[in-house]
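Each chain, letter by letter, is given below.
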Amino acid sequence: MTNLFEDEFMERFNDYMKRSYDENILEDNSLLLNSIDQLLTNDIKKNDNESLSVTLDPIDWKSTRAQAHQMLDISLDFLEKSRERPAWLPLPQEVRQRLTTENLPNEGKSLEEVCEDITNDVLPYCGGNTHPRFWGWVHGSGTVGGLIAEMMTATMNSNVGLCSHSGVLIERQVIQWMVDLFQFPKETSGGIIVSGTSMAALICLAVARHHALDKIREKGLISLGIQFVAYCSTQTHVCIAKAMELLGLGNEALRLIPVNDQFQIDIESLKTMIKEDREKGFIPFCIVGNAGTVSTGAFDDLQSLSSVAKENDIWFHIDGAFGSFIVLDKTRQNLINGLNQADSLAFDFHKWLHVPYAAGCLLVRNMKKLQETFSSPRHYLVGTKRGFAGDTPWFCDMSIELSRPCRALKVWFTIKEHGMNKLGESIKNNCDQAQYLANLLSKYEFIHVFSPVSLNIVNFRLKPNRLKDLDEEQLDVFNDEIVNDLQEKGIAIKLNNALIFFLLKGDVYVKAING
């Protein structure tokens, strides 16, 4: 096609800019549009005889539409009839072979054939967390509304890293809802939606590091000769240690503080460790608090942690992967007192809100800190006052991602469909079920219930009287085998060793930890 920026086009364009552009008044732009249209029309006529037959669009839209409707029905049947199938199916060897040994296709198959491959070899052997007896990990089950939202997300196929379009505004709206929900300052706070709390933790710790030393981006750790240290309890999720490693700080710089009998971080031990580190010349830059640990559902004393952080001028980050949404349960929201004092908060939508994977979020108390940490202006990433490149600041200046899917639409859809009151009732119901279950289990002498039940997690271990002579390692094997049998028979999915029940979406979900 003829280059649009040849002499004829540039002459018309420059003439238009001189006569009709004004920053404050958008005059009739028909002159420019007509010129572009004329040039394009001429080019199309010149290329009528060229081959334009290669396309990725369907050849037959009618049959494609019918196939798409069929796959939607299969998807809805899969969700509606989940209770009628096993909780999990081990992959048969022939299916595993087909999924892992196929040569790279040079020629395509029909849409119908590819859909059959999914229906026969993929869908029946998926992870299983849409099943009501998926009793392992903290996985949300998804919703029908989420399925619809994901379909529309793929239809739009938006890059929400930049520019002016509905996907950007939807994400901003969801972020504002979360700022309001967790009572962060409206004037200064903000955030982004990411894949999950692990990614959110990495971003938040990067912001904390930049806050402690703003020259870090230019000079780097080696040049500055700085040794940062951070603090969290022994119960904190491994994503914090991974973030420390990826930021070049090393996991040895993450101080693991002991916990009390409620599995909360010991405040006095934390204060002592900070004092000792400063005396050694280390720079404390972050304290991590837990709002619902993955093993026991424990909540740190967030108020006290906030005070320690302020007294020592240290960034206060909270890992609220799923426990933070206890804010929706009015009978238990006291567990997160002090959460709104955090400098940053990380949490997941794909856990207790059952948004389809993957959708996590981070909030920061001072949005400028997030932008200062990640913004890198380039000539090819320049916003404008109007047009498609408007609506700055862009989300690509708030994280490492330039290419970003529209993760917000399924969150927005879920909240609008169900409302926060109903979601809160579901969460309260889960926690009430956990208390009820713990009371039932406690009636049996051969079941040992661990730890207090503060959320939707019940820790317990089977120890039958006839196996009382077994040591701890042998009892672990015994509990493991029970779990493996339940999984392979499709009865339920759990982790191994001592059992933990997670309750999500009104059903009983089980996890396991080492006893």
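You'll find the structure just up there.
A brief structural summary. (Residues numbered from 1 in each chain as written. Predicted model: local features only at pLDDT ≥ 70, side-chain atom pairs only at ≥ 80, totals over all residues. Heavy atoms only, no water.)

**Re the packing of helix H6 (residues 144-156) against helix H14 (residues 408-441)**
Note the following rule: To get an axis, a line is fitted to the C-alpha atoms, and for a helix only the part in contact is used. The angle between two axes follows their N-to-C directions and goes from 0 to 180 degrees. Every helix listed is a DSSP run of H or I at least four residues long, and every strand listed is a run of E at least two residues long, numbered separately from the N terminus. Here a crossing is called left-handed whenever its near helix is offset anticlockwise from the far helix by less than a right angle, and right-handed whenever the offset is clockwise. Contacts were defined at the residue level, with two residues in contact if any of their heavy atoms lie within 4.5 Å.
One way to put it is that H6 packs onto H14 with a least axis distance of 8 Å and a crossing angle of 145°. The crossing of H6 and H14 is right-handed. Between H6 and H14, the contacting residues are Gly-145, Ile-148, Ala-149, Glu-150, Met-152, Thr-153 and Met-156 on the first element and Leu-409, Lys-410, Phe-413 and Glu-417 on the second.

**Considering the nonpolar core**
One recurring pattern in soluble globular proteins: nonpolar side chains tend to sit buried together. Under the convention used in this document: Within this scheme, the nonpolar core is defined by two criteria: the residues are buried Ala, Val, Leu, Ile, Met, Phe, Trp, Tyr or Cys, and they are joined through side-chain atoms within 4.5 Å. Only protein chains enter the area calculation, which uses a 1.4 Å probe; residues under 20% of their type maximum are buried, those over 50% are exposed, and those in between are partly exposed.
In terms of nonpolar packing, the biggest core is built from 91 residues, with Phe-182, Ile-287, Phe-325, Phe-349, Leu-363 and Leu-370 touching the most fellow members. Of the residues forming this core, the biggest block, eight residues, is contributed by helix H8 (residues 197-212). Dropping the residues within four chain positions of it, Leu-363 is found in contact with Ile-175, Met-178, Val-179, Phe-182, Phe-184, Gly-190, Gly-191, Asp-343, Ser-344, Leu-345 and Phe-347. Core analysis: the next-biggest nonpolar cluster, separate from the first, contains nine residues, Ala-438, Ile-447, Val-458 and Leu-462 among them.

**Brief notes about helix H13 (residues 367-374)**
Operational definition: Note: the arc covers the axis-to-C-beta directions of the helix. Whenever two N or O atoms come within 3.5 Å, that pair is a polar contact, provided that in protein one can donate a hydrogen and the other can accept it, and provided that, for residues adjacent in sequence, both atoms are side-chain atoms.
Of the positions making up H13, those classed as buried are Met-367, Leu-370, Thr-373 and Phe-374. Down the axis of H13, the buried side of the element spans an arc of 125°, and every buried residue falls inside it. Considering only its buried residues, H13 is in contact with strand S1 (190-194), H8, helix H9 (216-224) and strand S7 (360-364). Taking the backbone nitrogen of Lys-368 as reference, a side-chain oxygen 3.1 Å away marks Asn-366 as the first, capping residue of H13.

**Some words on a nonpolar patch on the surface**
Our working definition: Two distance rules govern patches: like charges are joined within 9 Å, and nonpolar side chains (Val, Leu, Ile, Met, Phe, Trp, Tyr) within 5 Å, applied only to residues with over 30% relative accessible area and no salt bridge. In these tables, accessible area is a Shrake-Rupley quantity obtained with a 1.4 Å probe, and a residue counts as shielded only by the protein chains included in the view. The term salt bridge refers to a side-chain nitrogen of Lys or Arg lying within 4 Å of a carboxyl oxygen of Asp or Glu.
A cluster of nonpolar residues, Leu-76, Val-144, Ile-148, Met-151 and Met-152, forms a patch on the protein surface that exposes about 370 Å² of accessible area. The element that contributes the greatest number of residues to the nonpolar patch is H6, accounting for four residues. Take Met-152: it is sitting in helix H6. Relative accessible area serves as the criterion here: at 39%, Met-152 is assigned to the partly exposed category.

**Brief notes about the state of the cysteines**
Selection rule: Our working definition of a disulfide is a cysteine sulfur pair at a distance within 2.5 Å.
Enumeration over the complete set of coordinates arrives at zero disulfides. With no disulfide partner, Cys-163 has as its closest neighbouring cysteine sulfur the one in Cys-396, 8.4 Å distant. For the unlinked cysteine Cys-361, the closest cysteine sulfur is that of Cys-204, found at 9.2 Å. The class for Cys-361 is buried, based on a relative accessible area of 0%.

These results come straight from atomic positions and should not be treated as a statement about function.
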